[in-house]
Amino acid sequence: MLTDIVSPMPPQVSVISGGAGFLGTAIRHALATGGQIICLDRAKPTDDCDWRECDVTDWQAVERVFGEIGRVDRFVHAAGVQSEKFWQMPWHPTVWQETLGVHVLGAALLTQAVLRSKAPHADCGIVYLGSVYGSVAPDFDLYEQEGIPPPAYCAAKAALIGLARWVAVRYGPDGVRANVVSPSGVDGSIRIGGGFRKRLVERTPSRRLVTADEVAAAVKFCLEHPHLNGVDLVLDGGWRAR
């Protein structure tokens, strides 16, 4: 009598760009029970993890890191950049180059590397971390003059929605699912406090802000749901329903 021997599935490999940041750390922790978690970031995380230093706008650096990693099953693009010039000089060319570079070019370079690294005939989940401001303009009355999210940020987050839909349609037949998770203001982030936080809460119909753990749970849901593809999952407490 012959017995079929089924090889055990190898642990999933998840790569999180910007994994040392506020939301990236929460996402790493949410995925921690799902196999190997690899953090890509220019800064070393404060906690113990599998960290690979990587400038996501440098194609050679991306190629080197993914050559070391090998197979990738899940990818989350949570990398971002916010210098002082980002807030104070929103139309400066450097702000546009840096912002679009990290958010959009970085997403494109990393996505290409992921698509080349995924196992043949295997599912692959991709999530880009977006923002409610990828689909609506900021509520300018909420902000002080130098705290308004700049146009480069809004354009970059909108671009991620377009990228996710393109990848979803083009590579869906190959088992790839690409989605965006777009929160409004996240409670506990560095720029949300005091009177500004109070105004955000009052502007939000649910009268509370989304937490980093809730954003991470939404990312995990998008990575795992087998039929969620090309979606911009908005976590805004009803912000856009007004």
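**Brief notes about the side chain of Arg-74**
The residue Arg-74 is located in strand S4 (residues 74–77) in this model. Of the residues examined, Arg-74 reaches a relative accessible area of 4% and is grouped as buried. Of note is the side chain of Arg-74, whose polar atom sits 2.8 Å from the side chain of Ser-14. Leave out the neighbours within four places in its chain, and Arg-74 touches Gln-12, Val-13, Ser-14, Val-15, Leu-31, Gly-34, Gly-125, Leu-223 and Glu-224.

**A short note on the nonpolar core**
Core analysis: the biggest nonpolar cluster contains 30 residues, and Val-15, Leu-40, Phe-66, Ile-69, Ile-126 and Tyr-128 have the highest contact counts within it. Of all the secondary structure elements, the ones that give two or more residues to this core are strand S1 (13–17), strand S2 (36–41), helix H2 (59–69), helix H4 (93–117), strand S5 (124–129), helix H5 (151–171) and strand S6 (176–183). For this core, the element with the most residues is H4, which contributes 6 residues. Residue contacts for Tyr-128: discarding those within four places in its chain leaves Phe-75, His-77, Ala-107, Thr-111, Leu-160, Leu-163, Ala-164, Val-167, Asn-179, Val-180 and Val-181. Counting 22 residues, the second-largest nonpolar core is a separate cluster that includes Ala-78, Val-210, Ala-218 and Cys-222.

**Overview of the pattern of salt bridges**
Inspection of every chain in the model, using the stated rule, returns 12 salt bridges. For Asp-50, the salt bridge goes to Arg-52, with nearest N and O atoms at 2.8 Å. Residue class for Asp-50 comes out partly exposed when judged on its relative accessible area of 25%. Close ionic contact of Asp-73 with Arg-71 constitutes a salt bridge, the shortest N to O distance being 2.8 Å. Taken together, the shared-partner salt bridges connect Asp-50, Arg-52, Arg-64 and Glu-68 into one network.

**Comments concerning the packing of helix H1 (residues 22–30) against helix H7 (residues 212–224)**
With their axes 8 Å apart at the nearest point, H1 and H7 run at an angle of 55° to one another. On the basis of the axis angle, H1 is oblique to H7. The element H1 and its partner H7 pack so that their crossing is right-handed. Of H7, the residues touching H1 (which contributes Phe-22, Leu-23, Ala-26, Ile-27 and Ala-30) are Ala-212, Asp-213, Val-215, Ala-216, Val-219 and Lys-220. Classifying every residue of the contact of H1 with H7 gives 9 nonpolar, no polar and 2 charged.

**Here we look at the packing of H4 against H5**
Packed helices, taken two at a time, are described by their axes: the angle between them and the distance between them. The interhelical angle for the contact between H4 and H5, taken along N-to-C directions, is 15°, at an axis separation of 8 Å. The angle between the axes of H4 and H5 places the two elements in the roughly parallel class. The interaxial crossing formed by H4 with H5 has right-handed handedness. Counted together, Val-95, Trp-96, Thr-99, Leu-100, His-103, Val-104, Ala-107, Ala-108, Thr-111 and Leu-115 of H4 and Pro-151, Ala-152, Tyr-153, Ala-155, Ala-156, Lys-157, Ala-159, Leu-160, Leu-163, Val-167 and Tyr-171 of H5 form the full contact between these two elements. Across the contact of H4 with H5, the residue classes tally to 17 nonpolar, 3 polar and 1 charged.

**Things to note about H5**
Spanning 21 residues, H5 covers 30 Å between terminal C-alpha atoms, matching the ideal 30 Å at 1.5 Å per step. Contact partners of the buried residues in H5: helix H3 (84–88), H4, S5, S6 and strand S7 (232–235).

**Some details on the packing of aromatic side chains**
Applying the stated criterion across every chain, the model contains 6 aromatic pairs. Look at Trp-91 and Trp-96: their rings are 6.0 Å apart centre to centre, the planes differ by 25°, and that puts the pair in the stacked class. Of the residues examined, Trp-91 reaches a relative accessible area of 66% and is grouped as exposed. Taking 5.0 Å as the distance between ring centres and 45° as the angle between the ring planes, the aromatic pair formed by Tyr-143 and Phe-196 counts as tilted.

**Observations concerning the side chain of Asp-73**
Within the element layout of this structure, Asp-73 appears in the loop between H2 and S4. Looking at Asp-73, its side chain comes within polar contact range of the main-chain nitrogen of Val-13, at 2.7 Å. Those residues in contact with Asp-73 that lie beyond four places of it in its chain are Pro-11, Gln-12, Val-13, Asp-123, Cys-124 and Gly-125.

The rules behind the values
Residues numbered from 1 in each chain as written. Predicted model: local features only at pLDDT ≥ 70, side-chain atom pairs only at ≥ 80, totals over all residues. Heavy atoms only, no water. Helix = DSSP H or I, 4+ residues; strand = E, 2+ residues; numbered from the N terminus. Buried < 20%, exposed > 50% of the residue type's maximum accessible area, 1.4 Å probe, protein only. Polar contact = N/O pair within 3.5 Å; in protein donor to acceptor, adjacent residues only side chain to side chain. Contact = heavy atoms within 4.5 Å. Core = buried A, V, L, I, M, F, W, Y, C linked by side-chain atoms within 4.5 Å. Salt bridge = Lys/Arg side-chain N within 4 Å of Asp/Glu carboxyl O. Axes fitted to C-alpha atoms, helices over the stretch in contact; angles between N-to-C directions. Parallel < 35°, antiparallel > 145°, perpendicular 65-115°, else oblique. Left-handed = near helix turned anticlockwise from the far one by under 90°. Nonpolar A, V, L, I, M, F, W, Y, C, P; charged D, E, K, R; others polar. Expected span 1.5 Å × (residues − 1). Phe/Tyr/Trp six-rings, centres within 6.5 Å; stacked < 30°, edge-to-face > 60°.

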